[in-house]
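Each chain, written out:
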Amino acid sequence: QTGRLALYLLGLRATCPRPEPHRALVTWLKYYLEEDWTGSRQHGHPLTSYYQYGLGVLALCVHHKRVREEVIQRLLEAQHHGRLGHSGTTVDTEAVVALAFTCLEQRRLVGAGLAAKLRAATEGMSRRMAEAQGPDGTIGNIYSTPWALQVFLATGVCHTEPAYSRAMAALLENLDAFGTAATMAQVLPVLHGHSYLDIASLHCQEEPDTLTPLDMEPPTEVPGNKTVQLVVECSQPWCLELRLYDRPVSVPASASLLDVLRAAAAQDPQHFTFDTQDTAQGPFLTQVLGLEARQQKRNYWQLLRAPSTPLQMGVADYKPHDGETLILRLSEY
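Residues numbered from 1 in each chain as written. Predicted model: local features only at pLDDT ≥ 70, side-chain atom pairs only at ≥ 80, totals over all residues. Heavy atoms only, no water.

Undergrad: For this particular structure, what's the right way to read the nonpolar core?
TA: Across soluble globular proteins, nonpolar side chains show a tendency to be buried alongside one another. Counting 69 residues, the largest nonpolar core has Leu-58, Phe-101, Leu-104, Met-129 and Phe-152 as the members making the most contacts within it. Setting aside residues up to four positions removed in sequence, Phe-152 forms contacts with Ser-126, Met-129, Ala-130, Ile-139, Val-157, Cys-158, Glu-161, Ala-163 and Tyr-164. Core analysis: the next-biggest nonpolar cluster, separate from the first, contains 29 residues, Val-228, Val-288, Leu-303 and Tyr-318 among them. (Core = buried A, V, L, I, M, F, W, Y, C linked by side-chain atoms within 4.5 Å. Buried < 20%, exposed > 50% of the residue type's maximum accessible area, 1.4 Å probe, protein only. Contact = heavy atoms within 4.5 Å.)

See below:
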């Protein structure tokens with residue numbers, strides 16, 4: 001519940017509510033942060049993820065609530081030892097943690113000594129984000145880019161960091177990729193020159209009520225079918241063979257990768273199974289053919305377009321082309 005409640009509280013704070021309704025929720029978030037860590041103390045990391053843990057600290061800071069120093073030190077230590085995620089999530093997680101550190105420093109919710117450590121850690125993460133920028137201007141991938149841009153805005157380096165303008169240009173060229181409420185929530189503040197930290201200093205009495213319902217037409221269905229070659233690979237040393245599944249799957253022309261997985265499970269239930277976990281960014285692939293991706297084992301299901309191109313979208317957002325080969329590979333980070 002840590003990340004979901006944190007995002008809810010960030011959104012609630014942005015709507016300028018009266019303080020009474022959400023005081024209990026802030027208390028619950030403090031409780032979840034402790035439970036998140038205590039429940040997995042033997043592994044030395046949160047039960048959920050450092051991304052959700054960082055979101056929790058950020059949400060408490062935006063609500064002007066102090067966070068126990070031990071909670072902050074856990075994030076500092078994880079950042080120092082490079083434990084904040086695998087290649088597909090590092091930018092997102094470091095950005096969330098950097099925003100939390102910047103908020104704690106700017107709101108003066110920590111002492112001078114700890115503030116200096118947070119500032120140094122944030123500068124290091126910001127530098128790595130700039131170095132992670134690809135030839136197309138994205139940082140990490142198109143969905144990680146708004147998070148990195150929020151860090152550049154929050155820390156005030158947006159006018160001096162060359163990566164900022166290139167990333168913003170890439171964002172403007174790919175706005176159609178942001179089709180869910182969660183991804184829109186990350187990109188909209190950036191398009192207006194803001195980060196989530198600005199929620200903390202909203203002058204609510206000056207905020208006009210401009211929210212109006214918008215009638216949207218449902219997307220047009222694409223006629224016909226397509227065939228996608230679905231491959232499952234295990235690159236772990238304990239797997240007896242690399243390729244575990246390799247079969248064509250027929251789906252409607254407008255189907256997403258998630259639809260392909262569902263069709264494969266329906267067509268061949270004895271040989272193909274999968275499971276997902278709901279997150280704020282959409283469903284996350286956790287298990288395929290009974291093989292589970294676990295943070296404790298530092299592995300995850302990598303999504304690739306053959307032969308070796310990582311997908312920039314999640315299973316529910318990516319729509320494969322007819323004849324495309326998609327690889328689900330259990331990889332280690």
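Undergrad: Could you clarify how one ought to interpret the pattern of salt bridges in this entry?
TA: Pairs can form between side chains of opposite charge once their charged atoms are near each other. All chains considered together, the criterion is met by 12 salt bridges. Close ionic contact of Arg-74 with Glu-70 constitutes a salt bridge, the shortest N to O distance being 3.0 Å. Of this pair, Arg-74 and Glu-70 both sit in helix 4 (residues 69–80), separated by 4 residues, roughly a single helical turn. Ionic pairing is found between Arg-329 and Glu-233, a salt bridge with its closest N-O pair at 2.9 Å. Within this pair, whereas Arg-329 is found in strand 8 (residues 325–332), its partner Glu-233 is found in strand 1 (residues 225–234), the two being separated by 96 residues in sequence. Accessibility classification places Arg-329 together with Glu-233 in one group, the buried group. (Salt bridge = Lys/Arg side-chain N within 4 Å of Asp/Glu carboxyl O. Helix = DSSP H or I, 4+ residues; strand = E, 2+ residues; numbered from the N terminus.)

Undergrad: Please clarify how the environment of Arg-119 should be interpreted in this entry.
TA: Of note, Arg-119 is situated in helix 6 (residues 112–131). Note: C-alpha distance between Arg-119 and Phe-101 (18 residues apart in sequence) is 7.2 Å.

Undergrad: Hey, could you run me through the sheet that holds strand 8 in this one?
TA: Hydrogen bonds between backbone groups are what pair the strands of a sheet, and the pairing can be parallel or antiparallel. Pairing within the open sheet is mixed, and its 5 strands lie in the order 2-1-8-6-7. In this open sheet, the two edge strands, each paired with only one partner strand, are strand 2 (243–252) and strand 7 (309–310). Alignment of strand 1 against strand 2, held across 9 bridges, turns out to be antiparallel. What sits directly across from Leu-230, in strand 2, is Arg-247. Relative to strand 2, helix 10 (residues 257–267) is tilted by about 105 degrees, and along the sheet it contacts strand 1, strand 2, strand 6 (299–305) and strand 8. (Pairing = 2+ DSSP bridges. Axes fitted to C-alpha atoms, helices over the stretch in contact; angles between N-to-C directions.)

Undergrad: For this particular structure, what's the right way to read a nonpolar patch on the surface?
TA: Together, Leu-172, Leu-175, Met-184, Leu-188 and Leu-191 give the surface a local cluster of nonpolar side chains, amounting to about 410 Å² of exposed area. Among the elements that make up the nonpolar patch, the one with the highest residue count is helix 9 (residues 181–191) (3 residues). Inspection of the secondary structure assignment puts Met-184 in helix 9. Among the residues examined, Met-184 registers a relative accessible area of 36% and is labelled partly exposed. (Patch = residues over 30% accessible without salt bridge, like charges linked within 9 Å, V, L, I, M, F, W, Y side chains within 5 Å. Areas by Shrake-Rupley, 256 points an atom, 1.4 Å probe, with all protein chains shown as cover.)

Undergrad: Explain the packing of helix 5 (residues 90–106) against helix 6 to me, please; I cannot follow it from the model alone.
TA: For any two helices packed against each other, the geometry comes down to the angle between their axes and how far apart the axes lie. For the pair helix 5 and helix 6, interaxial distance at closest approach is 9 Å and the crossing angle is 150 degrees. Judged by the angle between their axes, helix 5 and helix 6 are roughly antiparallel. The crossing of helix 5 and helix 6 is left-handed. Along the contact surface, helix 5 presents Val-91, Glu-94, Ala-95, Val-97, Ala-98, Phe-101, Thr-102, Leu-104 and Glu-105, while helix 6 presents Ala-115, Leu-118, Arg-119, Ala-121, Thr-122, Met-125, Arg-128 and Met-129. For the contact of helix 5 with helix 6, a count of residues per class yields 11 nonpolar, 2 polar and 4 charged. (Parallel < 35°, antiparallel > 145°, perpendicular 65-115°, else oblique. Left-handed = near helix turned anticlockwise from the far one by under 90°. Nonpolar A, V, L, I, M, F, W, Y, C, P; charged D, E, K, R; others polar.)

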